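# Structure at a glance
Chain by chain, the residues run as shown.
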Number of protein chains: 2
Amino acid sequence: MSEDKSQKLETMRHSASHVMAEAVQSLYPGAKFGIGPAIEDGFYYDFELPRPLAVEDLPAIEMKMKEIIAADLPFVSEEKEALKLFADQKYKTELIKDLGEEKVTVYRQGGFTDLCRGPHVKKTGEIKAFKLTSVAGAYWRGDEKRPMLQRIYGVAFAKQGDLDEYLKRIAEAAKRDHRKLGKELDLFSLHEDAGPGLVYWHPKGATVRQLIEDFWKAEHRRRGYDIVYSPHIAKVHLWETSGHWNFYRENMYSPMEIDDIQYVLKPMNCPFHILMYKTQLRSYRNLPMRYAELGTVYRYERSGVLHGLARVRGFTQDDAHIFCRPDQIEAEIKDVVELAQFMMKSFGFEEYEMMLSTRPEKAVGSTESWDMATGALRNVLEKLKIKFQVDPGEGVFYGPKIDVKLKDAIGRLWQGPTIQVDFQMPERFDVNYVGEDGQEHQSVMIHRTVLGSMERFFACLTEHYAGAFPVWLAPIQAVVIPIADRHNAYATEVFEQLRASDMRVQLDDRSERMNMKIRDAQLAKIPYMLIAGDKEVENSTVSVRLRNGEDLGSVEISAFMERVDSLVKSKELSKL
Amino acid sequence: MSEDKSQKLETMRHSASHVMAEAVQSLYPGAKFGIGPAIEDGFYYDFELPRPLAVEDLPAIEMKMKEIIAADLPFVSEEKEALKLFADQKYKTELIKDLGEEKVTVYRQGGFTDLCRGPHVKKTGEIKAFKLTSVAGAYWRGDEKRPMLQRIYGVAFAKQGDLDEYLKRIAEAAKRDHRKLGKELDLFSLHEDAGPGLVYWHPKGATVRQLIEDFWKAEHRRRGYDIVYSPHIAKVHLWETSGHWNFYRENMYSPMEIDDIQYVLKPMNCPFHILMYKTQLRSYRNLPMRYAELGTVYRYERSGVLHGLARVRGFTQDDAHIFCRPDQIEAEIKDVVELAQFMMKSFGFEEYEMMLSTRPEKAVGSTESWDMATGALRNVLEKLKIKFQVDPGEGVFYGPKIDVKLKDAIGRLWQGPTIQVDFQMPERFDVNYVGEDGQEHQSVMIHRTVLGSMERFFACLTEHYAGAFPVWLAPIQAVVIPIADRHNAYATEVFEQLRASDMRVQLDDRSERMNMKIRDAQLAKIPYMLIAGDKEVENSTVSVRLRNGEDLGSVEISAFMERVDSLVKSKELSKL
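Reading guide: rules and limits
- Residues numbered from 1 in each chain as written.
- Chains lettered and ligands numbered in written order.
- Predicted model: local features only at pLDDT ≥ 70, side-chain atom pairs only at ≥ 80, totals over all residues.
- Heavy atoms only, no water.
- Helix = DSSP H or I, 4+ residues; strand = E, 2+ residues; numbered from the N terminus.
- Buried < 20%, exposed > 50% of the residue type's maximum accessible area, 1.4 Å probe, protein only.
- Contact = heavy atoms within 4.5 Å.
- Areas by Shrake-Rupley, 256 points an atom, 1.4 Å probe, with all protein chains shown as cover.
- Lys, Arg positive; Asp, Glu negative; His and termini not counted.
- Charge placed at Lys NZ, Arg CZ, Asp CG, Glu CD.
- Axes fitted to C-alpha atoms, helices over the stretch in contact; angles between N-to-C directions.
- Left-handed = near helix turned anticlockwise from the far one by under 90°.
- Nonpolar A, V, L, I, M, F, W, Y, C, P; charged D, E, K, R; others polar.
- Expected span 1.5 Å × (residues − 1).
- Pairing = 2+ DSSP bridges.
- Least-squares fit on C-alpha atoms with pLDDT ≥ 70 in both.
- Salt bridge = Lys/Arg side-chain N within 4 Å of Asp/Glu carboxyl O.
- Buried area = accessible area lost by both parts, 1.4 Å probe.
- Polar contact = N/O pair within 3.5 Å; in protein donor to acceptor, adjacent residues only side chain to side chain.
- Domains from an automatic or database assignment.
- Disulfide = S-S within 2.5 Å.
- Phe/Tyr/Trp six-rings, centres within 6.5 Å; stacked < 30°, edge-to-face > 60°.
- Lys NZ or Arg CZ within 6 Å of the ring centre and 35° of its normal.
- Parallel < 35°, antiparallel > 145°, perpendicular 65-115°, else oblique.

Turning next to the overall build of chain A. A tally of helices and strands in chain A yields 18 helices and 28 strands. Going through the 576 residues of chain A one by one, you find that 53% of them count as buried. A separation of at least 24 residues holds for 70% of the contacts in chain A among residues at least 6 apart in sequence. In the structure as shown, chain A presents an accessible area of about 25500 Å², 48% of it carried by carbon and sulfur atoms. One way to put it: in chain A the 79 positive side-chain charges average out to a point 3 Å from where the 88 negative ones average out.

In structure tokens:
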């Protein structure tokens, strides 16, 4: 979209929020108004209302909005003594006081006036296709200690076709929502009561995770990584040395006290790998050394931003730290980028975006070393002819990074791998190697993940496949379904035979109708339904029905096993 | 040993501690005396001395002790006004005050009098073979806030042969000490600075751990367990419900505060598995359900009792919780006992002792349910004809248990698997299933490990094999050693070929003499040294030398690969 078009759309969305506020004002007299900005795809407005709203209340508001739009009222901008004008609006009053100006700009359409810098459309009639989508609680100014307001979200587009397209996309996304599928497919749970943002992986989700982890470990070993394990806590002192305590503290958990010494849960694995590196004198001939760990870290996130497995408080990074010489940096980054590409492709992500994030405001280290590190990352991307965007100031406090965003099956972007070059941590911890010259030199560290975290990657994978995982990853690969009770013995035999070959298989010998069992297997997104009736018993076969509805007809057990085995071995992603 | 003999030995050891105290008194005037009991194999005494002692000081003390023994002085028991007698002995004074009696029993031999109830040998001459073994710091009364005294340890036996035998065993144990081997073989490290009792698994130790874990997981899947993952923290509230906060708190870490709510690191995995179980209504047909997790827990231990990997603060239990119906308890316990036996045998532990631990003083639940649970454990042991001892009061607060102690290669016992039956946790958390009658019934939980913890089991395994791990577990299975530089190219080829077959192999192409390389490989306890010289290059073979010194002569690469492959597949423990 051109910048002009996108600016126009944003203005229209902002105006829609004012129209919504006017509608709310007329439907809920006494409403207090918070703020109402345009956001991606639409707008929202925060209200304090006499009663809690539900989605059922939205059509009435929409109706009222349509009246206001049909009336084609002009948006009028004025300079006003705002404190007087908004005397009965406590949230507006607070905002005005913060502005510290006597006269402020307000916008008025019809009977509604809002504190607002604009711009707006000329008349309400310019607001085209819109829809109110949801209502949610939102703390005033995002502060959990302030009142909880009600936020109504809406979307708005230049034409009905765009809105329809958007709503279709949203409906598809909702069907794929990993929080919904997580429950339906019994993959994982979260327990607010025991602590928000902490993930419980149920057997089926854990099976997928383990398959990913095993694949990840084997691939890392093959590429010269060593796998290690480190603890989940360390003395605060260690985080002071690393700089986390000063530069990353708002993301860290609060400390606990043991024997009068403060400890804290690890938000990162790096200092632990440094301690291991430093247990011996390392020579230039030992480098690069690559420590990989599926390391579970804990980072504080405000409870309001937590989202299923995609944004959590405890997560397992597929982490590694490469200790290398300066002359090895580029080759190592190149290998990591290629490994990340390989991993993404292995799981079916063919498209992604790369961002180069540079020095943030709060950072350690000299401009020189930042330039060197940023240069190394940029060089590799350019040499590999990878398109990338620069994200200024979005690096980590100890170094710049490449962030990779995976594009899923319906075009959404997910935060994936990250590659960070770091000269600072080695300096702070005195991480050295003995060079060919017999002198000590400072090592360079590359921090990296090639999936991101198990939690987020699994959320992304679940939505990418809408829960219908490829055969090699499916928690249950096949279900054996006897047509009637008299086929149970044979079905059990088949089940045992497949299980003995390490296939993940279930037997559905409930006294239910076959159609019901097939429907349940379909809902569980199990790739293969193996139906056993008279003919199958007689011929020692099963009738194979695929998750996608296709029927393979009668298949011998050994042929079925070979089929699955070959798909698993090749890590086939789409074929069943 | 008969009880009488063992009583006699203990008395003699106690008397030896008095003799040592007398020797110290005469060598270090002004010494203040703590306590000096008999312990397993010997005795100790705690002193406050004018200067710190080292092992080099022990021979002089031994010499003096021998003089006192040669003098054959009588031990005389008297009733004394002790406060006056021990006026210049502050530690004794404290003890006497605690006794709260005016007159106390003292024992005197030669010029040394000690506050002591006895009994003692008649004369110092009865003290036979003894040796002082070490000196260490020990807090007065085990309290870290009181002064640190110096503790001298000694051993004493009825005859010289027993002492020699003992010293030989100790020397063997010292050679096998996993803390020593951990460093020499680069298996793991501990970092007091970052927090005592927290383990860092280096690549080689982590490789062994991973092989154990993979084996463990596959075996559990095969036996109908489901693998899950749970977080490391939960709100204190959850631990109040489980009873841990009341009955297990001294073993728990101190809480941390997040959003004004207290959280604590998990000391056990059970409540987490319960939360997962409770996400659905379970039917009698779903049971038993077996959740297995390699769950890392944190338990507070006083820093003084920490010991390498054998006693730590953070450790990974090979945990599982079985949810079952009351009629399934015995069958499940039997399966667990057999799984534990299978696991121990798989790793080379053929001998073990079983203990049945009963209700402790601090416990939850009715006597009835404790009796039922204890009965179930006892029944299984009896039916399986397993010998066991009863350990009264050593159960967990929620139930009785079977503890298994592994006997290692030199006869020492290690805490291994544990099996606990629990009616209490299900009651506290309302853990139910719908029975055949359509009514809700309370489930029973079995808590169990079949190795214990990864840390302690690995410590035990390391000492059992003295670091020379079986081929399937060896962190490095083979090292390729070119005799001279001109054999490097061929050696590299062999190395790459073996690596491609997923063998854990190293190439030692340093410019060192071959003997040096063989010596290093021997020290690293690598099973196979593959030597490549002129003849080997010519014939496309390697000359295979085993870790035990045996030479296999020239072997074709494919034959060597087959040999290793077959030993790995069969999980052979001794053959190379």
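Once you've had a look at it, read on.
Residues and elements named next belong to chain A. Running from N to C, helix α15 (residues 488–500) and helix α18 (residues 557–569) cross one another at 35°; their axes reach a closest spacing of 11 Å. Crossing geometry of α15 relative to α18 is assigned as right-handed. From α15, Tyr490, Val494, Gln497 and Leu498 reach across to α18, where they touch Ile557, Phe560 and Met561. Taken together, the residues of the contact of α15 with α18 break down into six nonpolar, one polar and no charged.

Turning to helix α11 (residues 329–346) of chain B, a few remarks are in order. Residue and element names in this part refer to chain B. For α11, built from 18 residues, the straight-helix expectation of 26 Å at 1.5 Å per residue is met to within 8% by its first-to-last C-alpha distance of 25 Å. Turning to α11, its buried residues number three or more, namely Ile329, Glu332, Ile333, Val336, Val337, Leu339, Ala340, Met343, Met344 and Ser346. Within two residues after α11, Gly348 carries a phi angle of roughly 95°, on the positive side.

Time to look at the sheet that holds strand β16 (residues 314–324) of chain A. Spatially, the eight strands line up as an open sheet ordered β11-β15-β16-β23-β20-β19-β17-β18 (chain A), and their pairing is mixed. The open sheet has two edge strands, β11 (226–227) and β18 (388–391) of chain A, and neither has a second partner.

Least-squares fitting of chain B to chain A yields an RMSD of 0.1 Å, with the superposition described by an axial translation of 0.0 Å and a rotation of 180°. In the structure described here, the two chain copies are related by an operation that fits a two-fold rotation axis. Of the C-alpha atoms belonging to chain B, the one lying closest to the rotation axis is found on B:Met256, 2.5 Å away. Interface overlap between copies: 100% of the residues of chain B at the interface are likewise at the interface in chain A, consistent with a symmetric, same-surface contact.

We now examine the pattern of salt bridges. All told, the structure shown has 77 salt bridges over all chains when counted by the stated rule. For B:Arg51, the salt bridge is made with B:Asp57, and the minimal N-O distance between the two is 2.9 Å. Classification of B:Asp57 by relative accessible area gives buried; the value is 15%. B:Lys266 is paired through a salt bridge with B:Glu293; the nearest N and O atoms lie 3.9 Å apart. Here the residue B:Lys266 occupies a position in the loop between β14 (261–265) and α10 (270–277), and B:Glu293 occupies one in strand β15 (residues 289–298), the gap between them amounting to 27 residues. B:Glu293 carries the same exposure label as B:Lys266, and that label is buried. Salt bridges sharing common partners tie together A:Glu94, A:Asp98, A:Arg141 and A:Arg146.

This brings us to the interface of chain B and chain A. Counting from both sides, the interface comprises 55 residues of chain B and, opposite them, 55 residues of chain A. For the chain B and chain A pair, buried surface summed over both sides reaches about 4600 Å², with 56% attributable to carbon and sulfur atoms. Ranking the residues of chain B by area buried against chain A places B:Tyr200, B:Gln210 and B:Tyr229 at the top, with a combined share of 15%. There are two salt bridges connecting chain B and chain A. Note that A:Asp259 and B:Arg313 form a salt bridge whose closest N and O atoms lie 2.8 Å from each other. Put simply, chain B and chain A have 21 residue pairs in polar contact (both at pLDDT 80 or more) between them. Examining the composition of the side of chain B that touches chain A, we find that seven residues originate from one element, helix α7 (residues 203–222) of chain B, more than from any other. Split into classes, the residues belonging to the side of chain B that touches chain A amount to 27 nonpolar, 13 polar and 15 charged.

Here we take up the domain arrangement of chain A. All names here are of chain A. Split into domains, chain A comes out as domain 1 (3–174), domain 2 (183–464) and domain 3 (478–570). For domain 1 versus domain 2, the separation of C-alpha centres amounts to 40 Å. The partner domain 2 presents five residues to the five residues of domain 1 that form the contact. Here domain 1 meets domain 2 over a buried area of about 380 Å², counting both sides, of which 47% is carbon and sulfur. Two residues, Glu144 and Arg302, come together in a salt bridge whose shortest N-O distance is 3.0 Å. In this structure, the connection of domain 1 to domain 2 is made through two residue pairs in polar contact (both at pLDDT 80 or more).

In this section: the state of the cysteines. Tallying each qualifying case throughout the model produces zero disulfides over all chains. The thiol of A:Cys324 is unpaired, and the distance to the nearest cysteine sulfur, on A:Cys270, comes to 15 Å.

It is worth spelling out the packing of aromatic side chains at this point. Residue and element names in this part refer to chain A. A full pass over the atoms with the stated rule returns 50 aromatic pairs over all chains. Aromatic rings pair up to connect Phe215, Phe342, Phe347, Phe349, Phe457 and Trp472 into one cluster. The lysine or arginine in question, Arg223, covers the ring of Phe342, its NZ or CZ lying 4.9 Å from the ring centre.

Residue and element names in this part refer to chain B. Look at helix α1 (residues 3–27) against helix α2 (residues 58–70): their axes get within 9 Å of each other, and the N-to-C directions meet at 115°. Compared by their axis directions, α1 and α2 come out roughly perpendicular. In terms of crossing hand, the pair formed by α1 and α2 is right-handed. Every residue of α2 that contacts α1 at Ala16, Val19, Met20, Glu22, Ala23, Val24, Ser26 and Leu27 is listed here: Ala60, Ile61, Lys64, Met65, Ile68 and Ile69. Partitioned by chemical class, the residues of the contact of α1 with α2 number eleven nonpolar, one polar and two charged.

Our next topic: the sheet that holds strand β4 (residues 76–81) of chain A. Residue and element names in this part refer to chain A. One open sheet accounts for three strands, arranged β4-β5-β6; its pairing is antiparallel. Pairing within the sheet leaves two strands with one partner each, and these edge strands are β4 and β6 (112–115). With strand direction ignored, the average angle separating the axes of adjacent strands in the sheet is 35°. Here strand β5 (residues 103–109) pairs with β6 via four bridges, running antiparallel. Each bridged residue has a counterpart across the sheet, and for Gln109 the counterpart in β6 is Phe112.

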